[in-house]
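The primary structure of each chain is shown beneath.
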Amino acid sequence: MSPRRSLEWLPAIVVFVSAIAIWDLAIRAFNIQQFLLPTPGAIISSFWTERHTLWPAGWYTFKEALGGFVVGSLLGMATATVIGRFKVIGVAILPLAIAANAVPIIAFAPIFDVWFNPLSPHSKMAIAGVLCFLPVMVNTLRGLQSASPRQIELMRSYASSDLEIWRRVRVPTALPFVFTALKVASVLAMIGAIVGEYFGGSFNALGVLINSDANIFNFERAWAGILVASLLGLALYAAVVATERVVVNWAPEYRDS
Amino acid sequence: MSTHEPVVRVEGVSKIFPRGNVVALQDIDLTLAPQEFVSLIGPSGCGKSTLLRVIGDLIDPTAGTVTINGKPARQARSDHDYGIVFQDAVLFEWRTVSKNIALPLELLGWDRARRKARVEEMLELVELQQFGDHHPWQLSGGMQQRVAIARAFAFEPALLLMDEPFGALDEMTRERLNLELLAIWQHLASTVVFVTHSISEAVFLSTRVVVMSPRPGRIAGLVEIDLPSPRTAETREEPRFFELVTQVRELLRLRGEHLLPEEEQLLREAAE
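Reading the values: rules and limits
- Residues numbered from 1 in each chain as written.
- Chains lettered and ligands numbered in written order.
- Predicted model: local features only at pLDDT ≥ 70, side-chain atom pairs only at ≥ 80, totals over all residues.
- Core = buried A, V, L, I, M, F, W, Y, C linked by C-beta atoms within 7 Å.
- Buried ≥ 20, exposed ≤ 12 C-beta atoms within 10 Å, placed from the backbone.
- Contact = placed C-beta atoms within 7 Å.
- Pairing = 2+ DSSP bridges.
- Helix = DSSP H or I, 4+ residues; strand = E, 2+ residues; numbered from the N terminus.
- Axes fitted to C-alpha atoms, helices over the stretch in contact; angles between N-to-C directions.
- Right-handed = clockwise from strand over helix to strand, strands pointing away.
- pLDDT = per-residue confidence, 0-100.
- Nonpolar A, V, L, I, M, F, W, Y, C, P; charged D, E, K, R; others polar.
- Parallel < 35°, antiparallel > 145°, perpendicular 65-115°, else oblique.
- Left-handed = near helix turned anticlockwise from the far one by under 90°.

Asker: Can you lay out the nonpolar core for me, pointing to particular residues and giving the numbers?
Answerer: One finds Ile55(B), Val193(B) and Val248(B) to be the most contacted residues of the largest nonpolar core, which totals 84 residues. The contact partners of Val248(B), leaving out residues within four places of it in the chain, are Ile41(B), Ile199(B), Ala202(B), Val203(B), Val209(B), Val211(B) and Val223(B). In this structure, Ala126(A), Val138(A), Leu206(A) and Ile210(A) belong to the second largest nonpolar core, which totals 51 residues.

So this is what it looks like as structure tokens:
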């Protein structure tokens with residue numbers, strides 16, 4: 001990282017460190033009960049001492065989120081490709097898909113637990129997958145339909161087939177739209193897996209752990225669990241951004257680098 | 001190909017857009033000999049861009065036929081007989097400059113080594129050697145248009161169709177690119193159909209100017225441009241240049257009745 005790039009991060013780091021400091025000071029100054037909000041130090045300490053419980057649980061939940069993310073996103077892209085290819089199907093499905101996007105899908109979590117075994121990771125993958133499916137599908141479709149008419153006319157002047165136009169114009173045009181959706185989906189996948197686990201699941205899952213710790217007043221470990229969930233969510237998001245930087249390095253937001 | 005066989009033969013072409021029943025072109029006849037540089041000029045809605053697209057088989061004519069190199073226009077398009085340049089450069093932003101120029105070569109199935117050699121050659125021709133690895137947005141408008149020209153000429157088509165290629169550029173860039181285009185045209189010995197709004201540009205570049213008039217789009221007159229070749233910056237200062245500009249202008253004034261703004265709008269929409 002160049003010195004200039006690290007300087008760009010400086011304000012964010014200052015704000016973050018200040019926020020932690022204010023958090024710590026506020027607890028001491030107002031004598032806040034630890035079950036309401038533990039100190040950052042207590043959370044970090046629990047994060048370390050409980051690592052043999054927390055990390056395997058986090059990894060278990062992360063795999064659910066990742067599975068849902070991959071399956072849901074791939075299905076979303078595949079559906080958009082079919083809809084984009086056959087207008088008739090699109091006319092029938094798209095309004096429904098957009099309406100479905102407004103439905104709080106997380107409300108279906110208990111139903112998925114009944115459909116799939118609540119103790120198996122598949123029920124959480126299903127929730128994460130459904131959450132990822134719609135934004136990826138709608139954005140991919142929008143991307144495929146955003147191809148420039150002039151670029152298509154140029155391809156037609158070369159007597160290119162529809163498949164050739166799809167491959168060389170529609171797909172590259174859609175990629176930035178797809179990555180925007182994948183970034184949203186990566187966050188949704190983690191939310192889906194954890195909230196799914198709040199309704200029940202295997203004992204070595206992070207959501208179950210956070211939920212039960214909160215119920216038995218083990219707040220430090222509950223907060224440490226939230227920290228693990230946040231770090232894993234960030235990691236998935238960062239992986240998508242890193243891929244995006246490589247695949248669509250020509251997208252407007254990366255044009256300076 | 002014998003020198004007598006025309007590169008483009010347009011016979012009795014009419015185009016009626018069903019929406020608003022607009023007659024964009026009426027009974028157009030036009031023949032281009034090899035290595036001619038013909039400009040189509042006229043007010044908005046005279047059908048000059050439509051005629052260009054009919055020649056390129058991008059729009060089907062309502063009546064009449066277009067023959068390119070002795071073949072029907074459709075066949076000519078499949079055979080990659082022409083290159084095209086639009087008002088916007090229409091570059092693919094995900095491709096580098098070199099890869100944009102290589103696009104038609106890839107579609108023609110040229111191997112990597114042959115593509116690379118040709119791209120180098122074209123970059124040199126449009127004086128963009130150092131910019132092969134740049135992306136389009138890193139170039140100025142004039143440079144982007146040079147890339148588009150390099151791409152259109154890359155596979156050495158017999159015919160080049162240009163739809164107001166310099167219309168969006170400033171006057172100085174436009175005049176420089178006019179000279180560059182003439183140099184490339186002479187170097188590659190191709191035939192050019194050039195749509196423009198600018199009378200001086202049409203006269204400066206062309207061997208022949210086709211003046212078109214609107215409603216219905218038809219040919220109002222032809223002006224042979226007998227300026228000496230090669231043309232230079234000084235050509236624009238010669239008395240003969242002004243005479244020819246005046247001649248074209250008078251044809252436009254004589255035949256190009258003015259449209260009401262809403263009629264122009266209707267025609268433009270129909271053309272899209």
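Asker: Let's hear about the sheet that holds strand 7 (residues 159-163) of chain B: which residues, and what values?
Answerer: Residue and element names in this part refer to chain B. Spatial strand order, 6-7-8-3-9-10: 6 strands in an open sheet with mixed pairing. Each having just a single partner strand, strand 6 (82-85) and strand 10 (218-224) make up the two edges of the open sheet. In this sheet, adjacent strand axes meet at a mean angle of 15 degrees when their direction is disregarded. For strand 6 and strand 7, the ladder comprises 4 bridges, and the chain directions are parallel. Each bridged residue has a counterpart across the sheet, and for Gly-83 the counterpart in strand 7 is Leu-160.

Asker: I'd like a rundown of the environment of Lys116(B), residues and numbers included.
Answerer: Residue and element names in this part refer to chain B. Along the polypeptide, Lys-116 turns up in helix 4 (residues 112-125). Given 15 C-beta atoms within a 10 Å radius, Lys-116 is considered partly exposed. The spatial distance from the C-alpha of Lys-116 to the C-alpha of Ile-101 is 9.9 Å, given a sequence separation of 15 residues.

Asker: Tell me what's going on with the pairing of strand 8 (residues 191-196) of chain B, and back it up with residues and numbers.
Answerer: Residue and element names in this part refer to chain B. By the criterion of burial, strand 8 is predominantly enclosed, with 6 of the 6 residues buried. Both faces of strand 8 are covered, namely the face carrying Thr-191, Val-193 and Val-195 and the face carrying Val-192, Phe-194 and Thr-196. As judged from the 5 bridges shared by strand 3 (residues 37-41) and strand 8, these two strands associate in the parallel manner. Bridging across to strand 8, Ile-41 finds its partner in Thr-196. Inspection of the sheet shows strand 7 paired to strand 8 by 5 bridges, in the parallel sense. By the bridge assignment for strand 8, Met-162 is matched with Phe-194. Crossover connection from strand 7 via helix 6 (residues 171-188) to parallel strand 8: handedness right-handed.

Asker: Go over the sheet that holds strand 1 (residues 8-17) of chain B with me, naming the residues and quoting the values.
Answerer: All names here are of chain B. The strand order across the open sheet built from 4 strands is 2-1-4-5, with neighbouring strands paired in antiparallel fashion. Each of the sheet's edge strands pairs with one partner strand only, and the pair in question is strand 2 (22-32) and strand 5 (71-72). Bridge analysis of strand 1 against strand 2 gives 7 bridges, and the strand direction is antiparallel. Bridge assignment links Ile-16 to a residue of strand 2, and that residue is Val-23. Where helix 1 (residues 48-55) meets the sheet, its contacts fall on strand 1, strand 2 and strand 4 (63-68), and the angle it forms with strand 1 comes to roughly 120 degrees.

Asker: Run through the confidence of the model for chain B, naming residues and quoting values.
Answerer: Note that predicted coordinates carrying low pLDDT should not be read in detail. Per-residue pLDDT for chain B has a mean of 88; in total, 92% of the residues score no lower than 70. As a predicted assembly, this complex carries a pTM of 0.83 together with an ipTM value of 0.85.

Asker: Mind laying out the interface of chain A and chain B, listing which residues take part and the relevant values?
Answerer: Across the boundary between the two partners, chain A contributes 12 residues, which contact 16 residues of chain B. With 6 residues, the top contributor of residues to the side of chain A that touches chain B is helix 7 (residues 149-157) of chain A. Among the residues making up the side of chain A that touches chain B, the classes are represented as 5 nonpolar, 3 polar and 4 charged.

Asker: Got a sec to walk through the environment of Asp133(B)? Specific residues and values, please.
Answerer: All names here are of chain B. In this fold, Asp-133 is placed in the loop between helix 4 and helix 5 (141-153). The sequence separation of Asp-133 and Leu-169 amounts to 36 residues, and the corresponding C-alpha distance is 23 Å. Apart from the residues within four sequence positions on either side, Asp-133 is in contact with Thr-96 and Ser-98.

Asker: Give me the pairing of strand 9 (residues 208-213) of chain B: which residues, what numbers.
Answerer: Residue and element names in this part refer to chain B. Among the 6 residues in strand 9, 5 count as buried, and that is most of the element. Bridge count for strand 9 against strand 10 is 6 bridges, and the pairing is antiparallel. Residue pairing across strands places Val-210 opposite Leu-222, the latter belonging to strand 10. Hairpin connection, strand 9 to strand 10: the antiparallel pair is bridged by 4 residues, and Arg-215 has positive phi, about 50 degrees.

Asker: Quick one: what's the story with the packing of helix 7 of chain A against helix 8 (residues 162-198) of chain A, residue by residue and with numbers?
Answerer: All names here are of chain A. The interhelical angle for the contact between helix 7 and helix 8, taken along N-to-C directions, is 135 degrees, at an axis separation of 10 Å. Classified by the angle their axes make, helix 7 and helix 8 are oblique. The handedness of the crossing between helix 7 and helix 8 is right-handed. Touching Gln-151, Ile-152 and Met-155 of helix 7 are Glu-164, Ile-165, Arg-168 and Val-169, all from helix 8.

Asker: Residues and numbers for the environment of Ser202(A), please.
Answerer: All names here are of chain A. Tracing the chain through its elements places Ser-202 in the loop between helix 8 and helix 9 (206-215). Under the C-beta neighbour-count criterion, Ser-202 is labelled partly exposed, with 18 such atoms within 10 Å. Along the sequence, Ser-202 and Tyr-60 sit 142 residues apart, while their C-alpha atoms lie 9.5 Å from each other. Beyond its immediate chain neighbours, meaning those up to four positions away, Ser-202 contacts Leu-119 and Val-208.

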